[in-house]
Amino acid sequence: ELKVEQNPLFLSMQEGKNYTIYCNYSTTSDRLYWYRQDPGKSLESLFVLLSNGAVKQEGRLMASLDTKARLSTLHITAAVHDLSATYFCAGYSGYALNFGKGTSLLVTP
Amino acid sequence: DVKVTQSSRYLVKRTGEKVFLECVQDMDHENMFWYRQDPGLGLRLIYFSYDVKMKEKGDIPEGYSVSREKKERFSLILESASTNQTSMYLCASSDSAGVDEQYFGPGTRLTVT
């Protein structure tokens, strides 16, 4: 069974700063998913990483996948307040997605 | 765009009541899922269905049952609601099992008093 571990679980950062969220997973997987959740809302798909070395970027967020290291990263560049949310990574174990516990990001002025 | 809808955004029920949560998807997806989300515990899979009338238990099926009579609809049933079932319930659907991303509904926040 694939287990997913994210760190940090909580992150407070200033606007304009850069930071990286890490997602480690326990067994071989060639694809990894990132979701965003705003308070009280549902999960919105951010990135689907389909192979080793995959890199996807949207705005100030960039996600990458290293299947050999069993590691995915979500890099935030020049953070803005609108990025405040909880970010989840997930990988498939059989039919179902297993999620990390999420990283709660707060971007402050 | 994939659309997953859930019957209620907020629901308040009493202990012992039978509770039905409905989920409908409009993309002809084969697979549908029910998760619950609790602070500090993340998302946990309750049940999923890979075809009409087919279902599999997830990590925490106790106290729950499901029904999938039509492809687009997946219902979660709490046979006798208890206070420890107070939670956010999220429905999701996907096309190919174990491959494609899952699309989530807006969630139902259930409070059992």
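Quick note: structure is the one above.
Note that the structure is a prediction, hence the values are computed from the model and not measured.

Engineer: Provide a residue-level description of the nonpolar core, including the pertinent values.
Structural biologist: Within the largest apolar cluster, 24 residues are counted, with the highest numbers of intra-cluster contacts made by A:L32, A:W34, A:L74, A:I76, A:Y87 and A:L105. Elements supplying a minimum of two residues to this core: β2 (10-14), β3 (19-25), β4 (32-37), β5 (43-49), β7 (61-66), β8 (71-76), β9 (85-93) and β11 (103-108) of chain A. Within the second largest apolar cluster, 20 residues are counted, among which are B:V4, B:Y64, B:F74 and B:Y89.

Engineer: Can you lay out the side chain of B:S93 for me, pointing to particular residues and giving the numbers?
Structural biologist: Residue and element names in this part refer to chain B. Among the structural elements, S93 can be located in strand β9 (residues 87-94). We classify S93 as buried; its relative accessible area is 0%. A distance of 2.8 Å separates the side chain of S93 from the side chain of H29, its partner in a polar contact.

Engineer: Tell me about the sheet that holds strand β3 (residues 19-25) of chain B, residues and numbers included.
Structural biologist: Residue and element names in this part refer to chain B. As summarised here, the arrangement of the four strands in space is β1-β3-β8-β7, forming an open sheet in which the pairing is antiparallel. Only two strands of the sheet have a single neighbouring strand rather than two, namely β1 (4-6) and β7 (64-70). Going from strand to strand, the sheet's axes swing by 20° on average, the running direction of each strand aside. The sheet contact formed by β7 and strand β8 (residues 73-78) spans five bridges and is antiparallel. Bridging from a neighbouring strand, K70 pairs with R73 of β8.

Engineer: Mind laying out unusual backbone geometry, listing which residues take part and the relevant values?
Structural biologist: Following A:N7, the chain continues into A:P8 via a peptide bond in cis, with omega recorded as 0°. Tracing the chain through its elements places A:P8 in the loop between β1 (4-7) and β2. Within the chain, A:A78 stands out as a residue other than glycine whose phi angle is a positive 50°. Topologically, A:A78 is positioned in the loop between β8 and β9. The phi angle at B:D28 is positive, at roughly 60°, despite the residue not being glycine. Looking at the element boundaries, B:D28 is found in the loop between β3 and β4 (31-38). Classification of B:D28 as exposed rests on a relative accessible area of 53%.

So, how was this worked out
- Residues numbered from 1 in each chain as written.
- Chains lettered and ligands numbered in written order.
- Predicted model: local features only at pLDDT ≥ 70, side-chain atom pairs only at ≥ 80, totals over all residues.
- Heavy atoms only, no water.
- Core = buried A, V, L, I, M, F, W, Y, C linked by side-chain atoms within 4.5 Å.
- Buried < 20%, exposed > 50% of the residue type's maximum accessible area, 1.4 Å probe, protein only.
- Helix = DSSP H or I, 4+ residues; strand = E, 2+ residues; numbered from the N terminus.
- Polar contact = N/O pair within 3.5 Å; in protein donor to acceptor, adjacent residues only side chain to side chain.
- Pairing = 2+ DSSP bridges.
- Axes fitted to C-alpha atoms, helices over the stretch in contact; angles between N-to-C directions.

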